[in-house]
Amino acid sequence: MRLDKLLSECGIASRKESARAIRAGQVTVNGIPAQKADQQLDPAVDRVVYCGREIRYRKYVYVMLNKPDGYVSATEDGKDPVVTELLPEEYRKMGVFPCGRLDKHTLGLMLLTNDGQLSHRLLSPKHHVPKSYAFRVKFPLSAQDVTALETGVDIGGYITKPCTVTLDGEREGVITLTEGKYHQIKLMMEAVHNQITYLERTTFGTLLLDQHLARGEWRELTDEEIQSLTR
Ligand code: URA
């Protein structure tokens, strides 16, 4: 692989910036200053240092974010802040995007990646990837409401698929869906004449929201988490 390609794919520097840094002697390969941007190297073996920083090459990155209130699940928005603003610039340069959507006021677990294939697989209705949400609603939920939610309710002409609802009180609990229609939980609660007042995603497939992440904080997935997601 070319040295400048490696640096640009890692979101470190554009090809032009790489060429400039190489000319300035700021890039070394295995401790030797690089001479040319088209220098060939093996990312698995060769050690690249750019401006004093060791570069670990990877084509794909997988980031868990604890989404705060008020951010939209997008890479750009004319009006509201977007979740990718919470990540370092280099992830954005690598083309990281949110895998699925959470509403602007929904909190919690969000996966961001530049792996389009994995994202597609996780979101495909064919795969029924379960997602759990802790919720609070305005009015007490009756046993009939829970049965209706679990069996399927009409949200604007669509009957939702069976799901599970576990109450932790009259007005709060956890709902686990295997599908993801737009505003689904909000609309499901409206279908039983209720109203969501708090919604936080806590799981996404095999991923669990890391309790050490404060709102707005992120971390890369561990190798085990990536493997369990891709399995
Ligand atoms: N359902 C909703 O209504 N909102 C979300 O953000 C996620 C699921």
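Remember, it's a predicted structure, so these values are computed and weren't measured experimentally.

**Re helix H6 (residues 184–191)**
- Looking only at H6, the buried set comprises Gln184, Ile185, Met188 and Met189. On an axial view of H6, the arc spanned by its buried residues comes to 130°, and they lie on one face.
- Of the residues trailing H6, histidine 193 is marked for its positive phi of about 60°.

**Concerning unusual backbone geometry**
- Phi at histidine 183 is positive, roughly 55°, even though this residue is not glycine.
- By secondary structure assignment, the location of histidine 183 is in the loop between strand E12 (172–177) and H6.
- For histidine 193, which is not glycine, the phi dihedral falls at a positive 60°.
- Assignment of secondary structure puts histidine 193 in the loop between H6 and strand E13 (196–204).
- Accessibility expressed as a relative area gives 70% for histidine 193, which makes it exposed.

**Regarding helix H7 (residues 223–230)**
- Along H7, the residues that are buried comprise Glu225, Ile226, Ser228 and Leu229. Buried residues of H7, seen end-on, are gathered within an arc of 165° and therefore sit on one face of the element. Exposed side chains of H7 directed beyond 90 degrees from the buried face belong to Asp223 and Glu224.
- On its buried face, H7 sits against strand E5 (62–67), strand E7 (107–113), helix H4 (116–123), E13, strand E14 (207–208) and strand E15 (218–220).

**Side note on the site of the ligand**
- Near the ligand the following residues occur: Leu102, Asp103, Thr106, Tyr133, His183, Gln184, Ile185, Lys186 and Leu199.
- The backbone of isoleucine 185 places a nitrogen or oxygen atom 3.1 Å from a nitrogen atom of the ligand.
- A per-class count over the shell around the ligand returns 4 nonpolar, 3 polar and 2 charged.

**Things to note about the environment of glutamate 170**
- On the secondary structure map, glutamate 170 appears in the loop between strand E11 (164–167) and E12.
- For the pair glutamate 170 and serine 119, spaced 51 residues apart in the sequence, the C-alpha separation amounts to 35 Å.
- Beyond its immediate stretch of four places on either side in the chain, glutamate 170 contacts Phe139, Pro140 and Leu141.

**Overview of the packing of aromatic side chains**
- Applying the stated criterion to the full structure yields 1 aromatic pair.
- Here tyrosine 91 and tryptophan 218 contribute two aromatic rings whose centre-to-centre distance is 5.2 Å and whose plane-to-plane angle is 80°, an arrangement assigned as edge-to-face. Of this pair, tyrosine 91 sits in helix H3 (residues 89–93) while tryptophan 218 is found in strand E15, placing the two residues 127 residues apart along the sequence.
- For tryptophan 218, a relative accessible area of 30% translates into the label partly exposed.
- Above the ring of tyrosine 198, the side-chain terminus of arginine 136 is found at 4.3 Å from the ring centroid.

**Quick look at the domain arrangement of the protein**
- Splitting the protein by domain gives domain 1 (3–55), domain 2 (62–125 + 207–230) and domain 3 (130–204).
- A separation of 50 Å is found between the C-alpha centroids of domain 1 and domain 3.

**Brief notes about the sheet that holds strand E2 (residues 32–33)**
- On the basis of which strands lie adjacent, the open sheet formed by 4 strands has the order E2-E1-E3-E4 and antiparallel pairing. Only two strands of the sheet have a single partner each, and these edge strands are E2 and strand E4 (53–55).
- Pairing between strand E1 (residues 27–29) and E2: 2 bridges, direction antiparallel. Paired with threonine 28 across the two strands is proline 33, which belongs to E2.

What counts as what
- Residues numbered from 1 in each chain as written.
- Predicted model: local features only at pLDDT ≥ 70, side-chain atom pairs only at ≥ 80, totals over all residues.
- Heavy atoms only, no water.
- Buried < 20%, exposed > 50% of the residue type's maximum accessible area, 1.4 Å probe, protein only.
- Helix = DSSP H or I, 4+ residues; strand = E, 2+ residues; numbered from the N terminus.
- Arc of directions from axis to C-beta.
- Contact = heavy atoms within 4.5 Å.
- Near = heavy atom within 4 Å.
- Polar contact = N/O pair within 3.5 Å; in protein donor to acceptor, adjacent residues only side chain to side chain.
- Nonpolar A, V, L, I, M, F, W, Y, C, P; charged D, E, K, R; others polar.
- Phe/Tyr/Trp six-rings, centres within 6.5 Å; stacked < 30°, edge-to-face > 60°.
- Lys NZ or Arg CZ within 6 Å of the ring centre and 35° of its normal.
- Domains from an automatic or database assignment.
- Pairing = 2+ DSSP bridges.

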